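This is what each chain is made of:
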2 protein chains.
Amino acid sequence: MNDLLDKLCRSDRRALARAMSQVDSAGRTDPELEVHLRRATGQVPWWGFTGPPGVGKSTLIDALLQRLREKQRRIGVVAVDPSSRRSNGALLGDRVRMMRHAVDADVFIRSLATHRHEGGLSDATLHCARLLELAGYDPVLIETVGVGQNEVEIAAVADLCVVMLGPGYGDEIQLIKAGLLEIADIVVVNKCDLPESDRLLNEVREELAGTARARDVRQSAPGEEGSPEEDTPDAAGGVAVMGIEAKTGRGVEELLDRLLAMDRAHRTADAQASRDRRRVLGELRRRATSVCEQALDGALSGEEAKRWIDRLSRGDASLDAIVAELTAAALNEVKKRGQNYFSCKK
Amino acid sequence: MNDLLDKLCRSDRRALARAMSQVDSAGRTDPELEVHLRRATGQVPWWGFTGPPGVGKSTLIDALLQRLREKQRRIGVVAVDPSSRRSNGALLGDRVRMMRHAVDADVFIRSLATHRHEGGLSDATLHCARLLELAGYDPVLIETVGVGQNEVEIAAVADLCVVMLGPGYGDEIQLIKAGLLEIADIVVVNKCDLPESDRLLNEVREELAGTARARDVRQSAPGEEGSPEEDTPDAAGGVAVMGIEAKTGRGVEELLDRLLAMDRAHRTADAQASRDRRRVLGELRRRATSVCEQALDGALSGEEAKRWIDRLSRGDASLDAIVAELTAAALNEVKKRGQNYFSCKK
């Protein structure tokens, strides 16, 4: 273990890649390494990037990587791809472009495929980001498609959230936008060369100005005091709104300046303590939920399940009564097996 | 209750709207009504429509509604919108266009906003679709954005799945596409007037032909025997692939013919029995998961939670050990309150 830790701290790429693969396949690290990771990390704020499919997240990150390298920063990237067993390991064109930085020893990019039933961002994301932080990468960037649950989860994991929007998604984007704005620290409207993007910029500003920000996810950690608010001319409700053109790099410098300023504000001891609490709380909730789901699935694939379904279909019992039986059966199973329940699972 | 049931069966729009609002706000129906709904429905196959944001799902449904009306069918639509508290009740332009059918007494459209922490499709979707079926609407259409968990969930709820794709989403769509193809009965490529859509059509056909379909979700119901396979020239791996232009209606007639043929194949007693089992199993799993999550959140907001977090942060206990304590606490809570746990929740 000491040997591995030593290699990781020295940013040994092979050791890092191996540790990440283990995390990716098993969804967790060696418990000893996990304890160490939890203790040794938390100083570095993580930057989250989210937005609808195809909006240009990888292109933006590519542009940011280039500029961060010019500032001699060593950058770690965790790119979380939408779930599919089939696409595991697939590399996309956009991603490939970003990967040109991967030959640079001071950039480490890891692509993670989320596994279906685990929800959008798994604990693997958290562990990979911690591994990158341990290996001295700073900042650590996390990219994910922002629709559905992912948006809630990236807000829980990342310290700064960049929400990226762009014109050309039809009306449906309105609803997705509303969900994304709730978690944004910075809203970036891409393709600001297109006239429609001006309308989008205005819509975003109006929406942000009109509503107080709902930040339930972050506030759920006890003792959490929220992120520092900035009030600059282009900020609406404390959220910065910026037009950029990721492909040409227009506006990227200004975005980076702002990100770096927010990053600095997150490096206080208080910010770290609240970040640690939030991360641990999220881990606990996710792991316990996953244990419960496994236990429920176990109970639902057993003999009793047929009787439950029959009683329900015949109207002999209410759904609540059956759910009470099912939950008790599942949680008892967890209790009976105790810690064995966990160690026997991959 | 009899009065309400009578009104619902007579397709009284006000009673239907009221029952749906109750479902939407409370996430459930009156238990007595629920038992009745479960017994009285299952004959009508539900058609699911999913695809990335802005691909044209509402426009397609609008076109299908018009043609189904010409065939004297009475159609129910449940449109599930991505989560946001802010957007609750918002009506989109696309949706508004579709809503022109809502003045037609033989079309009933209900828009449902998914609530964040409940995942993509909530039980409300199931109940609303059942209410529509009880009220004599046939077919029942369910529309949702297909990214992340929604795609798995619509496959579990709907009997036929139409997956809609279109050109212009960048490379990221590749991964989303892969996830969507796993659940598709019919793949529809929109905007077939654009040259890029030909490439997309070919990609979809190749991908479907090359891989056996993974249908875990549907196969998870015990005794499930899968949907009837068709093997026509434009079907790849049993999945039909069709180019359409939703806006002009090109190809919509052919799509509808195919949907109606598949719909007929799902009207056997066997198909109904397996559908009933699958739906009940899904309901049980979702409700029990939500009970577990509530119990976990309860435990995590209590006094003990601070000690758990401290022990973890100090490295005094492993995550698994704390998760075992947390799940045990949640179990005690569920047990103590028994069925009251359910009835006291909104």
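This text follows the structure it describes.
Small disclaimer: the values here were computed from a predicted structure and weren't measured.

**Q** How should I be thinking about the overall build of chain A in this particular structure?
**A** Summing up its helical and strand segments, chain A has 15 helices and eight strands in all. Residue burial in chain A is summarised as follows: out of 346 residues, 59% are buried. At a minimum sequence separation of 6, the contacts of chain A that also span at least 24 residues come to 81%. As displayed, chain A offers around 13100 Å² of accessible surface, 49% of which is attributable to carbon and sulfur atoms.

**Q** How do you make sense of helix 3 (residues 31–40) of chain B when you look at a structure like this?
**A** In an α-helix, one turn spans 3.6 residues; hence positions three or four apart end up facing the same way. Those residues of helix 3 of chain B lying buried are Leu33, Glu34, Val35, Leu37 and Arg38 of chain B. Packing partners of the buried residues in helix 3 of chain B comprise helix 13 (303–314) and helix 14 (319–337) of chain A together with helix 1 (2–9), helix 6 (123–134) and helix 12 (269–300) of chain B. Its side-chain oxygen 2.8 Å from the backbone nitrogen of Glu32 of chain B, Asp30 of chain B forms the N-cap of helix 3 of chain B. The positive-phi residue at the C-terminal boundary of helix 3 of chain B is Gly42 of chain B, with phi of around 125°.

**Q** Got a minute to help me understand the packing of helix 2 (residues 13–26) of chain A against helix 6 (residues 123–134) of chain A in this structure?
**A** In a packed pair of helices, the relevant descriptors are the angle between the two axes and the axis-to-axis distance. Residue and element names in this part refer to chain A. With their axes 9 Å apart at the nearest point, helix 2 and helix 6 run at an angle of 165° to one another. Considering their axes alone, helix 2 and helix 6 lie roughly antiparallel with respect to each other. The two elements helix 2 and helix 6 cross, and the hand of that crossing is right-handed. Each of Leu16, Ala19, Met20 and Val23 in helix 2 lies in contact with helix 6, whose residues at this interface are Ala124, His127, Cys128, Leu131 and Leu132. Residues of the contact of helix 2 with helix 6, tallied by class, amount to eight nonpolar, one polar and no charged.

**Q** Is there a simple way to think about the side chain of Glu133 of chain B in this case?
**A** Residues and elements named next belong to chain B. On the secondary structure map, Glu133 appears in helix 6. We note that Glu133 is buried and unpaired, the nearest opposite charge coming from Arg279 at a distance of 4.1 Å. Polar side-chain contacts of Glu133 include one of 2.9 Å to the backbone nitrogen of Gln43. Not counting the four nearest positions on each side in its chain, Glu133 is found in contact with Thr41, Gly42, Gln43, Val44, Trp46, Val140 and Arg279.

**Q** Can you walk me through the packing of aromatic side chains in this structure?
**A** To describe a pair of aromatic rings, one takes the distance between the centres and the angle between the planes. Residues and elements named next belong to chain A. Summed over the entire model, instances satisfying the criterion amount to two aromatic pairs over all chains. Relative to Tyr137, the ring of Phe108 lies with its centre 6.0 Å away and its plane at 55°, an arrangement referred to as tilted. Taken together, the residues span a long stretch of sequence, with Phe108 in strand 3 (residues 107–113) and Tyr137 in the loop between helix 6 and strand 4 (140–145) at a distance of 29 residues. Take Phe108 and Tyr137: they sit in the same class, and that class is buried. One residue, Arg279, lies across the ring of Trp46, its end atom 3.3 Å from the ring centre.

**Q** I would appreciate a short explanation of unusual backbone geometry in the present structure.
**A** Glycine aside, the phi torsion of most residues is negative, and most peptide linkages are trans. Cis geometry marks the peptide bond from Asp138 of chain A to Pro139 of chain A, where omega comes out at 10°. With a phi close to 60°, Ser11 of chain A is a non-glycine residue in the positive phi region. Here Ser11 of chain A lies in the loop between helix 1 (2–9) and helix 2. Non-glycine residue Lys191 of chain B carries a positive phi angle of around 60°. Along the chain, the position of Lys191 of chain B falls in the loop between strand 6 (186–189) and helix 9 (196–210).

**Q** Can you walk me through the pairing of strand 5 (residues 160–165) of chain B in this structure?
**A** A regular strand carries its side chains on alternate faces of the sheet. Residue and element names in this part refer to chain B. Of all six residues making up strand 5, six are buried, and the element is well covered by its neighbours. Alternating residues of strand 5 divide into Leu160, Val162 and Met164 and Cys161, Val163 and Leu165, and every residue in both groups is buried. Pairing geometry for strand 1 (residues 46–51) and strand 5, over four bridges, is parallel. Residue pairing across strands places Gly48 opposite Cys161, the latter belonging to strand 5. Pairing of strand 5 with strand 6, which is carried by four bridges, proceeds in the parallel orientation. Bridge assignment links Val162 to a residue of strand 6, and that residue is Ile186.

**Q** What's the story with the pattern of salt bridges in this structure? I'm lost.
**A** Where side chains of opposite charge bring their charged atoms close, a pairing between them can arise. This model, assessed by the stated rule, comprises 51 salt bridges over all chains. Residues Glu283 of chain B and Arg38 of chain B are paired through a salt bridge, measuring 3.1 Å at the closest nitrogen-oxygen approach. Residue Glu283 of chain B is found in helix 12, and its partner Arg38 of chain B is found in helix 3; the two are separated by 245 residues along the sequence. Neither Glu283 of chain B nor Arg38 of chain B differs from the other in exposure class; each is buried. Each of Glu34, Arg38, Arg130, Glu283 and Arg287 of chain A together with Asp320 of chain B takes part in salt bridges that share partners, so that together they form one network.

Thresholds applied
Residues numbered from 1 in each chain as written. Chains lettered and ligands numbered in written order. Predicted model: local features only at pLDDT ≥ 70, side-chain atom pairs only at ≥ 80, totals over all residues. Heavy atoms only, no water. Helix = DSSP H or I, 4+ residues; strand = E, 2+ residues; numbered from the N terminus. Buried < 20%, exposed > 50% of the residue type's maximum accessible area, 1.4 Å probe, protein only. Contact = heavy atoms within 4.5 Å. Areas by Shrake-Rupley, 256 points an atom, 1.4 Å probe, with all protein chains shown as cover. Polar contact = N/O pair within 3.5 Å; in protein donor to acceptor, adjacent residues only side chain to side chain. Axes fitted to C-alpha atoms, helices over the stretch in contact; angles between N-to-C directions. Parallel < 35°, antiparallel > 145°, perpendicular 65-115°, else oblique. Left-handed = near helix turned anticlockwise from the far one by under 90°. Nonpolar A, V, L, I, M, F, W, Y, C, P; charged D, E, K, R; others polar. Lys, Arg positive; Asp, Glu negative; His and termini not counted. Salt bridge = Lys/Arg side-chain N within 4 Å of Asp/Glu carboxyl O. Phe/Tyr/Trp six-rings, centres within 6.5 Å; stacked < 30°, edge-to-face > 60°. Lys NZ or Arg CZ within 6 Å of the ring centre and 35° of its normal. Pairing = 2+ DSSP bridges.

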